[in-house]
Amino acid sequence: MYHLVVFASGNGSTLQAIIDHIKNDSLEAKIDLVISDHPDAYALKRAEANHIKTYILQNKKFEARDLELANVLSNYSIDLIVLAGYLKMIGPNLLENYTIINTHPSLLPKFGGKGMHGMHVHEAVIAAKEKYSGATIHFINDEYDKGNIISQTKVEVLPTDTAETLSQKVQAAEKIQLIEVLDRFIHHEL
Ligand code: GAR
């Protein structure tokens, strides 16, 4: 069995895509825990609805949160941590001990970095009149959105696109891409 922990700060549609993929394709994989920094994150409800354990982070400060996470995760045997719309920086305790990947809704290195998340990214892409956007799955390091890239998917930005329509296109492509990447991890190809 391949053991996953998913971090999510918000809606959790990415988490849902992982849950559905594991279930629908009867994968030898299991999400052991969903962690959120936000008690109202809808992702937590999705986890509970699927009988997945949840944990809400208590500490707001970087160092204390890193220690809290290390402590919580020490109770699990984890193959991979997936940041699925998780907006906080990951600290050294986790970076040293786990394989961690993130999904980001742009073609990194474009439109990455602090403050660049979710709808802010799509608004910036539209404002810059980019012809293409997309999603990037990458390993995590100690800088926002700078870790080694595993894969990218491109989508065309049409002149009629708004941040909202672009977000829908990117998120659809992003989920397909994340699932392909997860399959590679589960089959030990990554
Ligand atoms: C996803 O598009 C993900 O790429 C983005 O947040 C969305 C999460 O949606 N992550 C970032 O912007 C991280 N920098 P969800 O809450 O519905 O899964």
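Residues numbered from 1 in each chain as written. Predicted model: local features only at pLDDT ≥ 70, side-chain atom pairs only at ≥ 80, totals over all residues. Heavy atoms only, no water.

Caption draft 1: Local environment of the pairing of strand 3 (residues 53-56). Two strands pair when backbone bridges link them, and strand 2 (residues 29-36) and strand 3 are joined in this way by four bridges, in the parallel orientation. Following the sheet pairing, Ser-36 is matched in strand 3 by Ile-56. (Pairing = 2+ DSSP bridges. Helix = DSSP H or I, 4+ residues; strand = E, 2+ residues; numbered from the N terminus.)

Caption draft 2: Quick peek at the site of the ligand. By nearness alone, 14 residues border the ligand, and Gly-12, Ser-13, Thr-14, Gly-118 and Glu-174 come closest of all. At a separation of 2.8 Å, an oxygen atom of the ligand approaches a polar backbone atom of Gly-12. At a separation of 3.4 Å, an oxygen atom of the ligand approaches a polar backbone atom of Pro-105. Protein burial of the ligand: of its 450 Å² of free accessible surface, 92% is covered by the chains. Those elements that place two or more of their residues in the shell around the ligand are helix 1 (13-24), strand 5 (100-104) and helix 6 (163-186). The residue inventory of the shell around the ligand, partitioned by class, reads two nonpolar, 11 polar and one charged. (Near = heavy atom within 4 Å. Polar contact = N/O pair within 3.5 Å; in protein donor to acceptor, adjacent residues only side chain to side chain. Areas by Shrake-Rupley, 256 points an atom, 1.4 Å probe, with all protein chains shown as cover. Nonpolar A, V, L, I, M, F, W, Y, C, P; charged D, E, K, R; others polar.)

Caption draft 3: Expanded view of the packing of aromatic side chains. For the structure on display, the rule yields two aromatic pairs. A centroid spacing of 5.1 Å and a plane angle of 90° characterise the contact between Phe-7 and Tyr-86, whose relative ring orientation is edge-to-face. Here the residue Phe-7 occupies a position in strand 1 (residues 2-7), and Tyr-86 occupies one in the loop between strand 4 (80-83) and helix 4 (92-97), the gap between them amounting to 79 residues. The pair formed by Phe-7 and Tyr-86 is uniform in burial state, with each residue classed as buried. Ring geometry for Phe-139 and Phe-185: centres 6.1 Å apart, planes at 80°, overall edge-to-face. Taken together, the positions of Phe-139 in strand 6 (residues 132-139) and Phe-185 in helix 6 put the pair 46 residues apart, joining distant regions of the chain. Residue class for Phe-185 comes out buried when judged on its relative accessible area of 4%. Over the ring of Tyr-132 we find Lys-154, and its NZ or CZ is 4.6 Å from the ring centre. (Phe/Tyr/Trp six-rings, centres within 6.5 Å; stacked < 30°, edge-to-face > 60°. Buried < 20%, exposed > 50% of the residue type's maximum accessible area, 1.4 Å probe, protein only. Lys NZ or Arg CZ within 6 Å of the ring centre and 35° of its normal.)

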